[in-house]
Amino acid sequence: MEDEVDRLVSAWRTERPELDVQPLHVLSRVSRLSRHLDRARRAVFAAHEMESWEFDVLTALRRAGPPYQLNPGQLLRATLVTSGTMTNRIDRLTAAGLVERHPDPADKRGVQVRLTDVGRARVDAAFSDLIDRERELLVTLSDTEQKQLADLLRTLLVPFDL
């Protein structure tokens, strides 16, 4: 079985035989897979009238468990965006009725961002559909192969998450 990456690597070996292009076998496939996954995710989010950034914030709140709230700093760490970006996102989600701001009882200057019932229903439906779509993307791999791949990818990613 040959794929586009095999053809790409072969062409580079012909054009630049002095280079070891072995990393392309893994990372070009990861890159191509990332594009396919991004398309699939955007389609799921669009079906739920949601942008990927909205999904990121809403799922961070949903994962927090009842009462489904975090402070903006916690949301920043969960979504890896700047504070200005997060403020804008919270404003937009509040206007859409998906989250609410509440005073932080532990910090008189602070706020807690809480998922509304509408936000929770929307993110739960989108997440269920996303899991179904992602499962379809992995259908050619057995459960054992999926675990092996997940373990290998974790090994690659851990240094970036430190």
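Residues numbered from 1 in each chain as written. Predicted model: local features only at pLDDT ≥ 70, side-chain atom pairs only at ≥ 80, totals over all residues. Heavy atoms only, no water.

Packing of helix α1 (residues 4–15) against helix α2 (residues 23–47) brings their axes to within 10 Å, and their N-to-C directions diverge by 135°. Accordingly, the angle class assigned to the pair α1 and α2 is oblique. For the element pair α1 and α2, the recorded crossing hand is right-handed. Counted together, Glu4, Val5, Asp6, Leu8, Val9, Trp12 and Arg13 of α1 and Leu24, His25, Ser28, Arg29 and Arg32 of α2 form the full contact between these two elements. The class makeup of the residues in the contact of α1 with α2 is 5 nonpolar, 2 polar and 5 charged. (Axes fitted to C-alpha atoms, helices over the stretch in contact; angles between N-to-C directions. Helix = DSSP H or I, 4+ residues; strand = E, 2+ residues; numbered from the N terminus. Parallel < 35°, antiparallel > 145°, perpendicular 65-115°, else oblique. Left-handed = near helix turned anticlockwise from the far one by under 90°. Contact = heavy atoms within 4.5 Å. Nonpolar A, V, L, I, M, F, W, Y, C, P; charged D, E, K, R; others polar.)

A word on the sheet that holds strand β1 (residues 69–70). Here 3 strands make up an open sheet; going across it, the order is β1-β3-β2 and the pairing antiparallel. Two strands close off the open sheet at either side, each with one partner strand: β1 and β2 (99–104). Inspection of the sheet shows β1 paired to strand β3 (residues 107–115) by 2 bridges, in the antiparallel sense. Note on β3: the bridge partner recorded for glutamine 69 is arginine 114. Across the face of the sheet, helix α3 (residues 52–63) comes into contact with β1, β2 and β3 while running at roughly 100° to β3. (Pairing = 2+ DSSP bridges.)

Another aspect to go through is unusual backbone geometry. Residue proline 66 is joined to proline 67 through a cis peptide bond whose omega torsion reads 5°. With respect to the helices and strands, the residue proline 67 is situated in the loop between α3 and β1. Located in the positive-phi region is glutamate 49, a residue other than glycine, with phi close to 50°. Here glutamate 49 lies in the loop between α2 and α3. Positive phi, normally seen in glycine, also occurs at tyrosine 68, with a value near 60°. Among the secondary structure elements, tyrosine 68 is positioned in the loop between α3 and β1.

For the rest of this paragraph, the subject is the pattern of salt bridges. If you walk through the whole model with that rule in mind, you get 15 salt bridges. Across the pair glutamate 134 and arginine 41 runs a salt bridge whose closest N-O atoms are separated by 2.7 Å. Linking glutamate 134 in helix α6 (residues 117–137) with arginine 41 in helix α2, this pair joins segments that are 93 residues apart in sequence. The exposure class of arginine 41 is partly exposed, given its relative accessible area of 32%. Across the pair arginine 62 and aspartate 124 runs a salt bridge whose closest N-O atoms are separated by 2.7 Å. Note that arginine 62 is positioned in helix α3 and aspartate 124 in helix α6, a separation of 62 residues in sequence. (Salt bridge = Lys/Arg side-chain N within 4 Å of Asp/Glu carboxyl O. Buried < 20%, exposed > 50% of the residue type's maximum accessible area, 1.4 Å probe, protein only.)

So far we have only geometry, and geometry alone does not tell us how the molecule works.
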